[in-house]
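Here is how the chains run, residue by residue.
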Amino acid sequence: MREILEFDPEEIRPELEAVLRRQGIPDGAKVDQKIFALIENALEIFVELSQPLGTVAEVNQWEFQEIYEGEGLNDTPNPVAQIFPKADKMALYALTLGSEISQEIADLFENHEFALASILDAVASEAAENANTLASRDYLNYVIRNSIVPSEKAILCYSPGYCGWHISGQKKLHEFLQSEEIGIILNDSFMMEPLKSISGVMIYGDKKIHEFDDSYPFCDKCLLHECRDRIRALSM
Amino acid sequence: MFWSFDLSLLEEISNHLQRGDHNGVGELARRALDNGMAPADILDNGLIAGMSVVGEKFKKHEIFLPDVLLAARAMYAGMDLLKPLLIKDNIPTLGKVVLGSVQGDVHDIGKNLVGIMLKGAGFEIIDLGHDVSPDDFVDAAVREKARVIGMSALLTTTMPVMKKVVNKLKEMNLSGEIKTVIGGAPVTADYAASIGADAYAYDGLNAVDKIKAMLGIQ
């Protein structure tokens, strides 16, 4: 299974509260009206300029082992190495909002429209996450529709550059996905262009396979520890 | 009488800047110049004074990042008028800061925000953009006679480039002259200490404070 996904910008348009949080504004804070106007403006620009596309391809254990090992630079041990052998199903994915959004953000900064640039950047980042959520849901529906596994199981996504999976893992991942077809290329540092793109593996299986402690050596360098929220959400 | 008029004009500039009114700041700065005020006074007592208030409010969580960035745009509206005059009058800045996202990193939003805040505080910024090699950081700092190199990284895998810059400065016996400050999502104060960087900053305004402290600027 390999699919090209096309998203309507409206379906991944972020909620106001999510944009505020990405700007460091806590829930319930008193926010000036002009900030709301900027967010509305940024959302309009996003809908006008984003060209969200994705590609998803299923991989088997043997294929993913090869992709995951990448250039041999992963931290060991790491959670992904322990999770994927227990997966029922896996799919690689890459999603992009296209290059026009990134260019617009750069242009706004250049023209000293700093607040709008920063908010548009937040809108785009949040929208990319929304696209990821939609892609995961689609894959889950695909798996369930085909009655391959019971529906109480879960998908979590993991990406090169995080949790000990070295960023150089992008190379084999994108080669497998042929993601140049949706306009994503890697630079020499294995980073995606357009900038507002995300990629990784969706791992489907028993919820408990995704549970791990954040006590790996590289966890000390991580300020976010978002894995805790993701794992907690599995039990909800 | 003339003095008190000018003082209120500077306060007005500061107040308009705090409200993020870039058109107002531009008009008032123009009026101040037409009234014969010194560009350095307008900069220090109007624009930078306003940004200082904004910075303090931000630290107290009374305002948020977009408010600060609207104020920064207003600051730039004033600076656009003043900069040619400040250069002509040989008015020194607080010093030059070379900024960039390190080699391998193409994210530069955070670095841009740091640059905006530093410029707002009176520093001159040499922005090298993203994907900047250790040699390019050091070469630019030497060429520009910068006092500080500021480096940003978003990924743990690109953080080692920061250490290369610190080491290169040591090898060239420039560590005392050129200070280093680092930041970015995965970067911590402990990491800064471990690689011998002079400071760690968690955001743009914190970078202003850290750099001023390093350079002994009040």
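This text goes with the structure placed above it.
What you see is a predicted model, and the numbers here were worked out from it, not measured in a lab.

**Q** Account for the interface of chain A and chain B, with residues named and values stated.
**A** Taken together, the contacts link 25 residues of chain A with 22 residues of chain B. Per-element accounting of the side of chain A that touches chain B gives the leading share, five residues, to helix H7 (residues 114-145) of chain A. When grouped by side-chain class, the residues that make up the side of chain A that touches chain B number 13 nonpolar, eight polar and four charged.

**Q** Explain the sheet that holds strand S2 (residues 124-127) of chain B residue by residue, including any values.
**A** All names here are of chain B. Strand order across the open sheet formed by five strands is S2-S1-S3-S4-S5, with parallel pairing between neighbours. Bordering the open sheet on either side are S2 and strand S5 (199-200), each of which pairs with just one other strand. Across five bridges, the pairing between strand S3 (residues 148-152) and strand S4 (residues 179-183) is parallel. Bridging from a neighbouring strand, Ile149 pairs with Thr180 of S4. Helix H5 (residues 109-121) rests against strand S1 (96-101), S2, S3 and S4 of the sheet, and its axis sits at about 165° to S1. Sheet strands touched by helix H7 (residues 160-171): S3 and S4. Its angle to S4, the strand with the most contacts, is close to 175°.

**Q** Now, about the packing of H5(B) against helix H9 (residues 204-215) of chain B: what can you tell me, with residues and values included?
**A** All names here are of chain B. Remark: H5 packs on H9, axes separated minimally by 8 Å, with the N-to-C direction vectors making an angle of 50°. If you check the angle between H5 and H9, you find them oblique. Crossing geometry of H5 relative to H9 is assigned as right-handed. Every residue of H9 that contacts H5 at Leu113, Val114, Ile116, Met117, Leu118 and Ala121 is listed here: Gly204, Leu205, Ala207, Val208 and Ile211.

**Q** Describe in detail the environment of B:Lys170, supporting the description with residues and values.
**A** All names here are of chain B. Following the sequence through the fold, Lys170 ends up in helix H7. A count of 12 C-beta atoms within 10 Å places Lys170 in the exposed class. Put simply, Lys170 and Gly196 are 26 residues apart on the chain and 9.6 Å apart in space, counted from C-alpha to C-alpha.

**Q** Residue-level account of the pairing of S4(B), with values.
**A** Residue and element names in this part refer to chain B. Where burial is concerned, most of S4 is hidden: five out of the five residues are buried. The handedness of the S3 to S4 crossover, carried by H7, is right-handed. Here two bridges tie S4 to S5, and the two strands are oriented parallel to one another. Residue pairing in the sheet places Val181 in a bridge with Ala199 of S5. Since S4 and S5 lie parallel, the crossover through helix H8 (residues 189-195) that links them has a hand, and here it is right-handed.

The rules behind these values
- Residue positions are given per chain, counting from 1 as you read along its sequence in written order.
- Going through the entries in the order they are written, you letter the chains from A and number the ligands from 1.
- Since the coordinates come from a predicted model, pLDDT governs what is reported: local features require at least 70, and pairs of side-chain atoms require 80 or more to be given and counted, while whole-chain, interface and lining totals use all residues.
- Any pair of residues counts as being in contact when their C-beta atoms, constructed from backbone geometry, are within 7 Å of one another.
- Strands are runs of DSSP state E lasting at least two residues, helices are runs of H or I lasting at least four, and both sets are numbered from the N terminus onward.
- The residue classification treats Ala, Val, Leu, Ile, Met, Phe, Trp, Tyr, Cys and Pro as nonpolar and Asp, Glu, Lys and Arg as charged. All others, Gly included, are polar.
- Here, a strand pair is defined by DSSP locating no fewer than two bridges between the strands.
- Every axis in this analysis is a line fitted to C-alpha atoms, fitted for helices over the stretch in contact. Angles between the N-to-C directions lie between 0 and 180 degrees.
- Roughly parallel covers angles under 35 degrees, roughly antiparallel covers those over 145, roughly perpendicular covers 65 to 115, and oblique covers all other angles.
- If you view the pair so one helix is near and one far, a crossing is left-handed when the near helix is turned anticlockwise from the far one by less than a right angle, and right-handed when it is turned clockwise.
- For the exposure call, what matters is how many other C-beta atoms sit within 10 Å of a residue's own: 20 or more marks it buried, 12 or fewer exposed, and in between partly exposed, using C-beta atoms placed from the backbone.
- Handedness of a crossover: with both strands directed away from the viewer, a clockwise path from the first strand across the helix to the second marks it as right-handed.

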